[in-house]
Amino acid sequence: MSLDLIKNSFICIVKYIIAFLKWVLIAIVVGIAGGLLGSVFHICIDRVTELRVEKSFLIYFLPVGGIVIAALYRLFSSKGTIDTNRVIKSVRRDKNVPLVMIPLIFISTVITHMLGGSAGREGAALQLGGSIGYNTGKALRLKKNDMHIIVMSGMSAVFAALFGTPLTATIFSLEVTNVGVLHYAGLLPCIISSVTASQVAKWFNLHPVHFSGIEFGNITWHLTLQVIFVAVICAVASILFCLAIKKSELLMDKLLKNSFIRAFAGGIVIVLLTMLVGTRDYNGAGMDVISRAIGGEALPWAFVLKIIFTAITIAAGFKGGEIVPAFFIGSTLGCVIAPIVGLSPALGAAVGFVALFCGVVNCPIASIILSLEVFGAEGILFFAIATAVSYMLSGYFGLYESQKISYSKIDDEYIDVHTK
């Protein structure tokens, strides 16, 4: 072996060791920061949700809350559009993620949940995490490509702290930006950040999202066809949900150009709809309704009402996210349609939970891992089948307009298009 070869091999080994140590240390820092912020945010959302349930009159202040949120974002309008799409863009190209995003999305999401807006919390998770990652990288003066990785690491951390699903958080952050492409360079930082953040969340006695007691049974052709039926319906529903969100935003923006009037009017509509349906099931995230659906109980019209409530909430300018509402829609829809083909409502709800998530975010690998972390490994084949069906049949629709579909869902072809 020549001296030059030995020298080059040694340099290569040192280079990998340095990169490994660098990302381990950075990921731990981001994981701790994301875990602390995510845990505090988790606790705040839980507390204001309890307060809203206890003080039912708070719903009447939703229009005022909308004005407050609009004012906060107007105050920092010079920073440009501050939303989840901006975080996703920062992974793909040199898009800055302002530090002010943290207090804005934190306060606005807490207001939305406290007063009864129909929204989730993952939008806040991705924005909080993206901002932590980007600004940590900026402070450390990381190079351009490393900034992309640390943003994904931050997204993973807060997502893991909020949901208690570190593997899902890792793969989702790697997969969501460019569908069909995984940013493998970010695998180590994202998994370390996720695990670190989930451990921090445990210090706060926060429990992961998990459901048990579902009877899966042995997989058969008959059972497979039943699962496919539920997945097909959920794929269609995912398209409707994405269209409802985006068309409602366009319509509201066209009819009510002033953000203050738009937020106030949207709040009024949500209050009136709440009074009309006579229940508070469609306000907030709706985790209790999801639990009931996976227990085998759901109203036939619940998924439709959740689509309407969430579309109006997001279009009006309230904050939070659409993924937990997607869980709500998928689980209630699956629970209702499963008995049509002889599938148990509980299993239908679980399949719907995962299938509709996949349909709206276009992340099949993250969806399969989500099923493992939330429902356990016993039904993995059912969930894998449902995910594959929903991924293909949901087409090129998605919640995030900045998300790109890099490869076709039906051909081995590079297409590089934005979601509809």
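Structure: above.
Residues numbered from 1 in each chain as written. Predicted model: local features only at pLDDT ≥ 70, side-chain atom pairs only at ≥ 80, totals over all residues. Heavy atoms only, no water.

(A) Spotlight on the overall build of the protein. In terms of regular secondary structure, the protein is built from 16 helices and 3 strands. Computed over C-alpha atoms, the radius of gyration of the protein comes to 21 Å, within 12% of the 22 Å expected from 2.2 N^0.38 for 420 residues, which places it in the range of a compact globule. Sorting the 420 residues of the protein into buried and exposed places 56% on the buried side. In the protein, of all internal contacts separated by at least 6 residues, the share reaching a separation of at least 24 is 77%. A gap of 11 Å separates the mean positions of the 31 positive and 23 negative side-chain charges of the protein. (Helix = DSSP H or I, 4+ residues; strand = E, 2+ residues; numbered from the N terminus. Rg over C-alpha atoms; globule rule 2.2 N^0.38 Å. Buried < 20%, exposed > 50% of the residue type's maximum accessible area, 1.4 Å probe, protein only. Contact = heavy atoms within 4.5 Å. Lys, Arg positive; Asp, Glu negative; His and termini not counted. Charge placed at Lys NZ, Arg CZ, Asp CG, Glu CD.)

(B) Geometry of unusual backbone geometry. Its identity is not glycine, yet Arg 141 carries a phi of approximately 55°, on the positive side. Along the chain, Arg 141 turns up in the loop between helix 5 (122-139) and helix 6 (144-163). Arg 141 gets classed as exposed once you look at its relative accessible area, which sits at 76%. We note that Asn 362 has phi near 60°; this positive angle belongs to a residue other than glycine. Along the chain, Asn 362 turns up in the loop between helix 14 (345-361) and helix 15 (364-375). Asn 362 sits in the buried class, given a relative accessible area of 0%.

(C) A nonpolar patch on the surface, seen in detail. Nonpolar side chains collect at one region of the surface, where Ile 28, Ile 32, Leu 36, Val 40, Trp 203 and Phe 204 lie side by side and expose about 540 Å² of accessible area between them. Among the secondary structure elements, Ile 28 is positioned in helix 1 (residues 3-54). What makes Ile 28 partly exposed here is its relative accessible area of 33%. (Patch = residues over 30% accessible without salt bridge, like charges linked within 9 Å, V, L, I, M, F, W, Y side chains within 5 Å. Areas by Shrake-Rupley, 256 points an atom, 1.4 Å probe, with all protein chains shown as cover. Salt bridge = Lys/Arg side-chain N within 4 Å of Asp/Glu carboxyl O.)

(D) Representation of the packing of helix 11 (residues 287-294) against helix 13 (residues 323-337). Two elements in contact, helix 11 and helix 13, have axes whose closest approach is 9 Å; the angle formed by their N-to-C orientations is 25°. Classified by the angle their axes make, helix 11 and helix 13 are roughly parallel. The handedness of the crossing between helix 11 and helix 13 is left-handed. Facing Met 287, Val 289, Ile 290, Ala 293 and Ile 294 of helix 11, the residues of helix 13 in contact are Val 324, Phe 327, Phe 328, Ser 331, Thr 332 and Cys 335. Among the residues making up the contact of helix 11 with helix 13, the classes are represented as 9 nonpolar, 2 polar and no charged. (Axes fitted to C-alpha atoms, helices over the stretch in contact; angles between N-to-C directions. Parallel < 35°, antiparallel > 145°, perpendicular 65-115°, else oblique. Left-handed = near helix turned anticlockwise from the far one by under 90°. Nonpolar A, V, L, I, M, F, W, Y, C, P; charged D, E, K, R; others polar.)

(E) Here's a closer look at the pattern of salt bridges. Overall, the coordinates contain 6 salt bridges when judged by the stated rule. Across the salt bridge formed by Arg 262 and Asp 253, the nearest N and O atoms sit 3.5 Å from each other. A salt bridge links Arg 292 to Asp 281; the shortest N-O distance between them is 3.0 Å. Separated by 11 residues along the polypeptide, Arg 292 in helix 11 and Asp 281 in the loop between helix 10 (259-277) and helix 11 bring together distant segments of the chain. Overall, Arg 292 belongs to the partly exposed group, its relative accessible area being 31%. Each of Asp 281, Asp 288 and Arg 292 takes part in a single network of salt bridges with overlapping partners.

(F) Region of interest: the packing of aromatic side chains. Counting across every chain of the model gives 15 aromatic pairs. A centroid spacing of 5.5 Å and a plane angle of 35° characterise the contact between Tyr 282 and Phe 309, whose relative ring orientation is tilted. Of this pair, Tyr 282 sits in the loop between helix 10 and helix 11 while Phe 309 sits in helix 12 (residues 302-316), and the two are 27 residues apart along the sequence. Neither Tyr 282 nor Phe 309 differs from the other in exposure class; each is buried. Ring geometry for Phe 375 versus Phe 383: centroids 5.2 Å apart, planes at 20°, classification stacked. Judged by relative accessible area, Phe 375 falls into the buried class, the value being 6%. A connected cluster of aromatic rings, assembled from ring pairs, spans Phe 159, Phe 163, Phe 172, Phe 211, Phe 216, Phe 327, Phe 353, Phe 357, Phe 375, Phe 382 and Phe 383. Geometry around Phe 163 places Arg 121 over its ring, the cationic atom sitting 4.9 Å from the centre. (Phe/Tyr/Trp six-rings, centres within 6.5 Å; stacked < 30°, edge-to-face > 60°. Lys NZ or Arg CZ within 6 Å of the ring centre and 35° of its normal.)

(G) Region of the structure containing the nonpolar core. Within the largest apolar cluster, 121 residues are counted, with the highest numbers of intra-cluster contacts made by Phe 172, Phe 327, Phe 353, Phe 375 and Tyr 400. For this core, the element with the highest residue contribution is helix 9 (residues 221-255), accounting for 12 residues. What Tyr 400 contacts, discounting residues up to four positions off in sequence, is Thr 84, Asn 85, Ile 88, Glu 122, Leu 126, Phe 172, Val 176, Lys 246, Glu 322, Ile 323, Val 361 and Thr 419. (Core = buried A, V, L, I, M, F, W, Y, C linked by side-chain atoms within 4.5 Å.)

(H) Spotlight on the pairing of strand 2 (residues 404-407). Across 2 bridges, the pairing between strand 1 (residues 178-179) and strand 2 is parallel. Each bridged residue has a counterpart across the sheet, and for Asn 178 the counterpart in strand 2 is Lys 404. Hairpin connection from strand 2 to strand 3 (residues 414-418): 6 residues lie between these consecutive antiparallel strands. (Pairing = 2+ DSSP bridges.)

(I) Seen up close, helix 7 (residues 166-175). With 9 of 10 residues buried, helix 7 lies mostly within the body of the structure. Within the sequence span of helix 7, burial applies to Pro 166, Thr 168, Ala 169, Thr 170, Ile 171, Phe 172, Ser 173, Leu 174 and Glu 175.

(J) A look at the sheet that holds strand 2. Reading across the sheet, the 3 strands line up as 1-2-3 and stay open at both edges, with mixed pairing between neighbours. Unpaired on one side and paired on the other, strand 1 and strand 3 mark the two borders of the sheet.

(K) Structural context of helix 15. The end-to-end C-alpha distance of helix 15 is 16 Å, a good match for the 16 Å that 12 residues give at a rise of 1.5 Å each. Burial of helix 15 is extensive: 9 of the 12 residues sit out of reach of the surface. Taken together, the buried positions of helix 15 are occupied by Pro 364, Ala 366, Ser 367, Ile 369, Leu 370, Ser 371, Glu 373, Val 374 and Phe 375. Considering only its buried residues, helix 15 is in contact with helix 7, helix 11, helix 13, helix 14 and helix 16 (380-393). Positive backbone phi, at 90°, marks Gly 376, one or two positions downstream of helix 15. (Expected span 1.5 Å × (residues − 1).)

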